[in-house]
Every structure is written in structure tokens, then in C-alpha cells.
Amino acid sequence: MLKPVRFFRRWKPLHILFCCAALGLMVRLFLAAEVPLIPDEAYYWLWSRHMQAGYLDHPFMVALWIRLGTLLWGDTPFGVRFCGLVGFVCANIWLFLAARRFFPSRDRVGVRAILLLNVTLMASVGLVPATPDVPLFVFLCLMLWALSGALQSHGAAACGWWVLCGIGLGLAADSKYTALLPGLGLAGFVLFGGRGAWRMAGPWLGGGAAALMVLPTLVWNERHGWAGLLKQGGRASYWHPERAGQFLGELLAGQLALLTPWVAVLCFMGLWRARHGQRVLLWLSAPALLLFLVNVTGERVQPNWVWVLYPALILAGAAYAGRLRGACMTGGICTVLVYAQCLTGWLPLPPHMDPIARLGAGWGDLAAAVAEEAEKAGISCLATDDYALASILAFQKSQGLAVLGKDSRWGYVAGLPHETVRTVLYLKDGRYGPVPAGGWAVWRKDRKRPVRVYLLEKRHDLSGWIVQRP
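These numbers come from a predicted model, not from an experiment.

**With respect to the packing of aromatic side chains**
Applying the stated criterion across every chain, the model contains 17 aromatic pairs. Arranged with centres 5.4 Å apart and planes meeting at 85°, the rings of Tyr-43 and Trp-410 form a pair that is edge-to-face. Taken together, the positions of Tyr-43 in helix 3 (residues 39-48) and Trp-410 in the loop between strand 2 (402-405) and strand 3 (418-429) put the pair 367 residues apart, joining distant regions of the chain. By relative accessible area, Trp-410 is classed as buried at 1%. Put simply, the rings of Tyr-43, Tyr-44, Trp-47, Tyr-55, Tyr-387 and Trp-410 pair up and form one aromatic cluster. The ring of Phe-88 is capped by Arg-28, whose NZ or CZ atom sits 4.0 Å from the centre of that ring.

What follows is the structure in C-alpha cells.
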């Protein structure tokens, strides 16, 4: 009877961490296979059918990852998400190694960092869908690991680490433009951080490597009138100071939810305390923090925009915050509840309060219902102004139906023909209803529970881009 007790007593925190990480990975794999695609994932999947060096909304990396995953596993939710799942494993390893290098005298910081990361809803749920935030997070963790090596090394070895740091940063910028913010913070640290790093060759070699990595994204933008950079940078011109309090409250609430409240407090406390230790973490975070605080004077900051801060935040929280037991327990409970909601819908939330059902439920049945209505009307083409709706219907591949997208962003995807179709079945998102008297509509449902209504209308001579052939 005592042997099992003795066996478990021999376990070290690192062994327990590896077991928990393996269990978490299995759950993520199951979730990736079982949860239907959300519309934005379908949009990026369409990008992957037309590979190029950039797109209007984001750079190319998410499309490349989806293309590789679907080559291995087909056009399935698991195939679309596969490379992101592998990348998240790498991100955990790089973050663990970065923590060990940044804080060599404190053995448990690496374990603490992985625990903090994996109990956040951002990591356990938010990084499962295939979005640009996944490769962004992964490559920022690579950058942090390489930076920790560069700051702890000398001579030729330091130059090699700086080059790897630049490669990670450049690939992060090829994933999402917000990677430029930690890049700006790193440049500030090199020039003004007090270590005289600007006198060394390593940071300059790293900067060159970053520029080389981001060159395809820059070339695509130059050839398309800097459309991607202008679309993202144009947000800074918005000005609604009277709503700044509302937007700031939404920003804080979103981060408390994604990090879970206890973890969020620990991470931001750790970042503030880092000014007396590894100040580079504060340098990396400062430009993004400043930009988001300025941005709330003009528009709301979407919760996932702040994910660019999370690698540095997690490290700071692991190193400088207090005990993590309570934070890990509450974060783990929140994660389990969200997983249960994703897989079973056990909590009967109204549709407007259930983001899981609102984004992912019932798309296959909706596509079949729309195809049936089109067949009854003798129509072979669906059309919509909503790029997300066009994308998810295209992913469902309804037999005998083409999908025509009218959003102008389709014009930036090479290979999509622009055509005028004589008769189409036009779809419009009717949100939660009601359906107008005598209206033509179909409902999207979650386990027979209505989620959202889509209004149908026969239209003629509509022009747009054919995003999916029959």
C-alpha cells in the first residue's frame, strides 16, 4: 500500500508539469477535431486556397499554416488547426527555456510560466482556432527565448542568438502587424536600455534578419498600395474621447476574462515589478500598452489584440508575482467549464450571451437548409455582403452551389474571378430575429435551439467574386 505513495513522492514539479501538459494537449487535440470551424477560420482557409505574400487584413502566415495542416489532414477542422496545435507545444517549450535563461538562479520560474500560461482562457481556448494570433504568439515566444540567449552570451554565440531573435520577430510580423510593437520596444531597449547593446554587432544582425523575414509582407503591401498597413494603421485616426471610459472598461474586462482575473492581476503586478529586474520585459510591453491606452480614445480595443503582450506578461508574472496556487486553481476551473460548454452546451445561455454557439454551432445544417431553399427556387448561386458568412458557406461546400462574395476585400485575393451572376439567392444576417411578416428565412440552430436567423431574397444581376465553385 505504501509503494504508490513512495512513487508519487519521487515526482518532481517538472514531472507533474509534463503530465499536465500532455493531458492538456490531448484535450486540445480532441477539441480541435470536434468543435466546428468558426467563420474567421473559414476565411483564412479560403486564403490558404490562394497562397500569396499578404492579404488585406493580415500577413500570410496563418494561411501558410492552414495550407500545411490541410495537406496532411484534409479540409477538416483538425487539418485547419493542426499546425497551430504543434506551434503551441513549441511555444510552451520556448517560454519555459526563456524563463530558465532570464532567471537562472530561480529554478521554478519556467514551471510557473507554463502553469500560468496554460490556465488562461487565451491559451486553453483562444489559441485553438486557427487565427493569426496563434503564429504571432508562437514566434514571439521564439523571439523571447532567443533574446534570453543573446543577453546571456558573448561574442559569436551572442550574434547567433540575436539573429534567431530577429528571425522570430520577423516571422511574428509575418503573422500579424502588431508584432511591430514588441519590435519597437526591443529597439528602444537596445538603444536606451543602459547595456550599450547598440555598440555590438548582434542587435544589428538581428535587425537585418527581422527585415529579411518580413520582406515578403512589405513587398505585397508595396504592390497593393500599402493596403494592409494602412487598414491597420488607420485605426489610430479615430477620435471619440467621450467613449474612452466605456472602451477602457471593455478592454480591462476582456483581459480579466481571457487571462482569468487572478492570473491577470499577478501578470500585471509582475510586469510592474520587472522594472527592478529584467527591465527588457517592460521595454517589450511598453509600446503596446501605450498604443492600446491611446486607442481607447477612438474605438474599442478587441480582446485578442492584446495577446501580443502575453508572452512577456506571463514571464513577468511567473518571475515576480507571489504564490500561483489560487490563480492556477481558479484558471483551471474556468478552463474546464469552458471546455464543457464547448463540447456539451450544458449551460443553456441565450444566443446573444453564448459566443461558442454564436460563432460555431449549426453551420453544416444551415448550409444544407440554404441549399435546399436554393434548389426549390431553381438557383445555383448564393451571394452575401458578409465576408465571414461567405467563407463559412464556402467551407461547407454545398453541392451544386457557387458562393459569390460582394465584400471588396475579396479583390485582394489573387485568383478569385469577378463575375456578374444573373440570379442569386442573397443571404443577410438577421441576427436574433424576428423574421419580418411574410419573410423568407432559415435559422441556424444549436442542438435544435435557434441561434441566429438568415434572411433570404432572390436578386438579379449581382456582381462580386466567386469564392467557391460548385
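**Some remarks on the UniProt feature "domain: Glycosyltransferase RgtA/B/C/D-like" (unreviewed entry) in the protein chain**
Mapped onto the present numbering, the UniProt feature "domain: Glycosyltransferase RgtA/B/C/D-like" (unreviewed entry) falls at residues 57-220. What you have in residues 57-220 is 77% helix and 0% strand, and the ends, taken at the C-alpha atoms, are 12 Å apart.

**Looking at the environment of Met-329**
In this structure, Met-329 sits in helix 17 (residues 325-344). Sequence separation between Met-329 and Trp-262 is 67 residues, and the spatial gap between their C-alpha atoms is 9.8 Å.

**Comments concerning the environment of Leu-68**
In this fold, Leu-68 is placed in helix 4 (residues 61-73). Placed 210 residues apart in sequence, Leu-68 and Gln-278 show a C-alpha to C-alpha distance of 37 Å.

**Details of the UniProt feature "transmembrane region" (unreviewed entry) in the protein chain**
Residues given the UniProt feature "transmembrane region" (unreviewed entry) here are residues 78-97, 109-128, 156-173, 179-197, 247-268, 280-298 and 304-321. Within residues 179-197, the helical portion is 68% and the strand portion 0%, while the C-alpha atoms at the span's ends are 21 Å from each other.

**A look at the packing of helix 8 (residues 133-152) against helix 16 (residues 310-320)**
It is the contact of helix 8 with helix 16, at a shortest axis distance of 9 Å, that shows an interaxial angle of 55°. The angle between the axes of helix 8 and helix 16 places the two elements in the oblique class. On helix 16, the residues that touch Phe-137, Leu-140, Cys-141 and Leu-144 of helix 8 are Tyr-310, Pro-311, Ala-312 and Leu-315. Taken together, the residues of the contact of helix 8 with helix 16 break down into eight nonpolar, no polar and no charged.

What counts as what
- Residues numbered from 1 in each chain as written.
- Predicted model: local features only at pLDDT ≥ 70, side-chain atom pairs only at ≥ 80, totals over all residues.
- Heavy atoms only, no water.
- Phe/Tyr/Trp six-rings, centres within 6.5 Å; stacked < 30°, edge-to-face > 60°.
- Helix = DSSP H or I, 4+ residues; strand = E, 2+ residues; numbered from the N terminus.
- Buried < 20%, exposed > 50% of the residue type's maximum accessible area, 1.4 Å probe, protein only.
- Lys NZ or Arg CZ within 6 Å of the ring centre and 35° of its normal.
- UniProt positions renumbered as here; feature names shortened; annotations may be inferred.
- Axes fitted to C-alpha atoms, helices over the stretch in contact; angles between N-to-C directions.
- Parallel < 35°, antiparallel > 145°, perpendicular 65-115°, else oblique.
- Contact = heavy atoms within 4.5 Å.
- Nonpolar A, V, L, I, M, F, W, Y, C, P; charged D, E, K, R; others polar.

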